[in-house]
Amino acid sequence: KLENNRGGADLGMEDVRVNNTATHIVEENLSNISSLSEIQNEAQNIHKLALSHIIASDFDTMVEVVDSVRLEEAKLDAMLDEYAVNIPAGDEEAFNQLLSSYEGLKYEIANLMAYSGNSKKTAAYELANGAIADYSNDMQTRIQLIIDNANTQSSLAGEELARQYNSARVRNIFIIAVCLVLILVALYGVFMLVIRKLNVTNKELSQIIKGIDKREGDLTRRVSILSNDEVADLGKEIGRA
């Protein structure tokens, strides 16, 4: 019995461990997806700002755009550095390619703003529609790959949580059923070993008392002894009386 209890406790601890692990995976991937969405939006903002430099109509606006691009790049750098601390398994290649495309994007955006600032609008547009567009699209593709992987891992962890829940529910139903059976067996035992015997003794005693009340009683009559327990002791004492 001790071994069974120990085995049940070990199984329960294992369920808790698996449940906690699956929950952690789901929460971690949801957090990663949120971070990646922010990275994705920030990359798009930088791309749009760079394009706005080409259509800027005066020098002051161009300077403001350059400052805005640098500010957004610094923000995206910080996001990527933070995400790089705990890259999920399987995402290393996609993330490294994302960083590579981002470095290329920053380099070409600097060239675009240089062309635009020197009134080389045609060269700036060609760069925007060529290398910059390619780098930006590759970044979006890499980010989406990582997001898809995070969604897949979340789905698998969710399925594991559902499996653990169903397993625990079935196990609890089984335990409840076993407890009900044991209770019924115990009640049956109480009835057979105690109540039924008391009823027999009580019936015979009632008959003796009724006979005495009618002055027809048999004082030599004894009640039946059906067991060797306390009920039998009671019957014996009544018999001696």
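See the structure printed just above.
For every chain, the first residue of the written sequence is number 1, and numbering continues from 1 along that sequence. Only residues with pLDDT of at least 70 get local features here, since the model is predicted, and only at 80 or more are side-chain atom pairs given and counted; chain-wide, interface and lining totals rely on the full set of residues. Side-chain metrics in this entry use all non-hydrogen atoms of the structure; hydrogen atoms and water are not considered.

A. Geometry of the overall build of the protein. Helical segments are the DSSP runs of H or I of at least four residues, strand segments are the runs of E of at least two, and each set is numbered from the N terminus. Summing up its helical and strand segments, the protein has 5 helices and 0 strands in all. Counting over 241 residues, the protein shows a buried share of 28%. In what follows, a contact means two residues having at least one pair of non-hydrogen atoms within 4.5 Å. Excluding contacts between residues fewer than 6 apart, the proportion of contacts in the protein whose partners are at least 24 apart in sequence is 71%. Of the roughly 15600 Å² of accessible surface on the protein, 57% is carried by carbon and sulfur atoms. The buried label goes to any residue with under 20% of its type's maximum accessible area, the exposed label to any with over 50%, and the partly exposed label to all in between, with areas taken from a 1.4 Å probe on protein chains only. Surface exposure here means Shrake-Rupley accessible area, sampled with a 1.4 Å probe, where a residue is shielded only by the protein chains that are shown.

B. Structural context of the side chain of E42. In this structure, E42 sits in helix α1 (residues 2–54). Only four residue types enter the tally: Lys and Arg on the positive side, Asp and Glu on the negative side, with His and both chain ends excluded. Whenever Lys or Arg places a side-chain nitrogen within 4 Å of a carboxyl oxygen from Asp or Glu, that contact is recorded as a salt bridge. Nearest to the buried, unbridged E42 among oppositely charged side chains is K75, at 4.4 Å. Not counting the four nearest positions on each side in its chain, E42 is found in contact with E72, K75, L76 and M79.

C. Main features of the environment of I33. When you line up the elements, I33 lands in helix α1. Classification of I33 as buried rests on a relative accessible area of 15%. Sequence separation between I33 and A150 is 117 residues; the distance between their C-alpha atoms is 6.6 Å. Ignoring sequence-local partners within four residues, the contact set of I33 consists of I147, A150 and N151.

D. Local environment of the packing of helix α2 (residues 59–84) against helix α3 (residues 92–117). Running from N to C, α2 and α3 point in directions that differ by 170°, and their axes come no closer than 12 Å. Classified by the interaxial angle, the pair formed by α2 and α3 is roughly antiparallel. Seen from α2, the contacting residues are M62, V66, V69, R70, E73, L76, D77, L80, Y83 and A84; seen from α3, they are F95, L98, L99, Y102, K106, I109, A110, M113, S116 and G117. When residue character is reported, Ala, Val, Leu, Ile, Met, Phe, Trp, Tyr, Cys and Pro are called nonpolar, Asp, Glu, Lys and Arg charged, and the others, Gly included, polar. Split by residue class, the contact of α2 with α3 holds 14 nonpolar, 2 polar and 4 charged. Think of each axis as a best-fit line through the C-alpha atoms, taken over the contacting stretch in the case of a helix, with angles from 0 to 180 degrees between the N-to-C directions. What sets the label is the angle itself: under 35 degrees gives roughly parallel, over 145 gives roughly antiparallel, 65 to 115 gives roughly perpendicular, and the rest give oblique.

E. Quick look at the nonpolar core. Formed by 30 residues in total, the largest nonpolar core has its most connected members in I39, L76, I109 and L112. Every element with two or more residues in this core is listed here: α1, α2, α3 and α4 (121–213). With 9 residues, α4 is the largest single contributor of residues to this core. Only buried residues count toward a nonpolar core, which is a set of Ala, Val, Leu, Ile, Met, Phe, Trp, Tyr and Cys residues joined through side-chain atoms within 4.5 Å.

F. Molecular detail of the pattern of salt bridges. Under the defined criterion, the tally for this structure stands at 5 salt bridges. Of the charged contacts, one joins E72 and K75 as a salt bridge, the two residues approaching to 3.8 Å between their closest N and O atoms. Here E72 pairs with K75, and both are found in helix α2, just 3 residues apart, close to one helical turn. For E72, a relative accessible area of 15% gives the class buried.

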